[in-house]
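Letter by letter, the chains look like this.
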Amino acid sequence: MSPAAPGLLASVTDLHEMELARAGGADIVDLKQPAFGALGAWSTQALTAAVMLWSAWGEQLGTAGRPALSATVGDQPMVPGLIRAAAERVSDTGVPLVKVGLFVSPHANECIEALAPLASRVRLIGVLFADEAPDFAVLAALGRAGFAGVMIDTADKKAGPLTAHLDPLTLGQFVAEARRHGLMTGLAGSLRLEDIPALVGVGADYLGFRGALCEGGRTGTLDPARLGQVHARLREPSDH
């Protein structure tokens, strides 16, 4: 995807919001429960229902006509066995893109290595956190382990948007380094409509949104009109 038109990742909390996100042009429908943390997870039962709906979209629209589907594994401690079990729980439901939070920890590389066997069966997306001074050296480990992609998000949603923690130049370096290791890239973290022009120029494959799409903030309800505004802004001609 060209830097002028990053894809839209829309985080949703239920099946109704899934349908709204699809209808509103989301490129990735991301299953997340914002009330349960930065990467709050759906239950296994709810994930299974979501995969059934996503499969039905494939039958109706063709696999190329439906958005991709991702889900988070929850805010897990950086313990290899626990983080792998959480990722396996999500992948076993049939979700094709599984997002795993990689909090700053001396055990980060061990956790990534523990996920390598799973990365051969499902597309894993590592999530780093801009407000935790992430070490981009971890990108090489993600590439070696077979991860499909990496995102930068924020852990503390009260500490401002992504752009308050990392400038476009640093984010551009993140994207370039991730691509060097064969990783798809995404940027998220309380992104606002006004953040889009600067971030489009960074060249990430996707920009992720929740609060900007909702009436009442990230724990509110998805609003098709707000989604439409974000979708349109992403596709405006870039000055970069």
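All values reported here derive from a predicted model rather than from experimental measurement.

A.B. asks: Which residues make up the overall build of the chain, and what values go with them?
C.D. replies: When its secondary structure is counted, the chain shows eight helices and 10 strands. By the compact-globule yardstick of 18 Å for 240 residues, the chain fits well, its C-alpha radius of gyration being 16 Å. Along the longest, intermediate and shortest principal axes, the C-alpha atoms of the chain span 45 × 40 × 30 Å. Taking all 240 residues of the chain together, the buried fraction comes to 50%. Residue pairs at least 24 apart in sequence account for 67% of intrachain contacts in the chain once pairs closer than 6 positions are excluded. Carbon and sulfur atoms make up 54% of the accessible area of the chain, which amounts to about 9,900 Å² in all.

A.B. asks: Just give me the short version of the sheet that holds strand S8 (residues 206–209), but keep the residues and values in it.
C.D. replies: Consider a sheet: its strands pair through backbone hydrogen bonds, and that pairing is either parallel or antiparallel. In space, the eight strands of this closed barrel follow the order S1-S2-S3-S4-S5-S6-S7-S8, with parallel pairing throughout. Each adjacent strand pair in this sheet contributes to an overall mean axis angle of 25°, direction not counted. Looking at chain direction, strand S5 (residues 123–129) and strand S6 (residues 149–153) are connected through five bridges and run parallel. Bridged to Ile125 within S6 is Gly149. Contacts from helix H3 (residues 80–91) reach strand S3 (68–72) and strand S4 (97–101) within the one sheet, and its direction differs from that of S4 by about 155°.

A.B. asks: I'd love a proper account of the packing of H3 against helix H4 (residues 108–119), names of residues and values included.
C.D. replies: At a minimum axis distance of 8 Å, the contact between H3 and H4 shows a crossing angle of 35°. Regarding H3 and H4, the two cross each other, and that crossing is right-handed. Taking contact as the criterion, the partners of Pro80, Ile83, Arg84, Ala87, Glu88 and Ser91 in H3 are, on H4, Glu110, Cys111, Ala114, Leu115, Pro117 and Leu118. Class assignment of the residues belonging to the contact of H3 with H4 gives a composition of eight nonpolar, one polar and three charged.

A.B. asks: I'd love a proper account of the pairing of S8, names of residues and values included.
C.D. replies: Residue alternation in S8 divides its side chains into two sets, Tyr206 and Gly208 and Leu207 and Phe209, and both sets are buried. In this sheet, S8 lies alongside strand S1 (residues 7–12) in parallel orientation, the contact comprising four bridges. Within the sheet, the bridge partner assigned to Gly7 lies in S8 and is Tyr206. One ladder, built from two bridges, connects strand S7 (residues 184–187) with S8; its direction is parallel.

A.B. asks: Lay out the pattern of salt bridges in plain terms, naming residues and giving numbers.
C.D. replies: For the structure on display, the rule yields 14 salt bridges. The residue Lys99 makes a salt bridge to Asp30 at a minimum N-O spacing of 3.1 Å. Taken together, the residues span a long stretch of sequence, with Lys99 in strand S4 and Asp30 in strand S2 (residues 28–31) at a distance of 69 residues. Take Lys99: its relative accessible area is 2%, and that puts it in the buried class. Of the charged contacts, one joins Arg192 and Glu194 as a salt bridge, the two residues approaching to 3.8 Å between their closest N and O atoms. Accessibility expressed as a relative area gives 54% for Glu194, which makes it exposed.

A.B. asks: Go over unusual backbone geometry, please, and point to the residues and values.
C.D. replies: Within the chain, Ala133 stands out as a residue other than glycine whose phi angle is a positive 50°. Among the structural elements, Ala133 can be located in the loop between S5 and helix H5 (138–145).

A.B. asks: Describe the side chain of Asp153, naming the residues involved and giving the relevant values.
C.D. replies: Relative to the assigned elements, Asp153 resides in strand S6. Given a relative accessible area of 2%, Asp153 falls into the buried group. Only 2.7 Å separates the side chain of Asp153 from the side chain of Lys157, close enough to count as a polar contact. Reaching out from Asp153, the side chain makes a polar contact with the backbone nitrogen of Gly189 at a distance of 3.3 Å. Excluding residues that lie within four positions of it along the chain, Asp153 makes contacts with Lys32, Leu39, Val127, Leu128, Phe129, Ala130, Asp131, Ala188 and Gly189.

Parameters and conventions
- Residues numbered from 1 in each chain as written.
- Predicted model: local features only at pLDDT ≥ 70, side-chain atom pairs only at ≥ 80, totals over all residues.
- Heavy atoms only, no water.
- Helix = DSSP H or I, 4+ residues; strand = E, 2+ residues; numbered from the N terminus.
- Rg over C-alpha atoms; globule rule 2.2 N^0.38 Å.
- Buried < 20%, exposed > 50% of the residue type's maximum accessible area, 1.4 Å probe, protein only.
- Contact = heavy atoms within 4.5 Å.
- Areas by Shrake-Rupley, 256 points an atom, 1.4 Å probe, with all protein chains shown as cover.
- Pairing = 2+ DSSP bridges.
- Axes fitted to C-alpha atoms, helices over the stretch in contact; angles between N-to-C directions.
- Left-handed = near helix turned anticlockwise from the far one by under 90°.
- Nonpolar A, V, L, I, M, F, W, Y, C, P; charged D, E, K, R; others polar.
- Salt bridge = Lys/Arg side-chain N within 4 Å of Asp/Glu carboxyl O.
- Polar contact = N/O pair within 3.5 Å; in protein donor to acceptor, adjacent residues only side chain to side chain.

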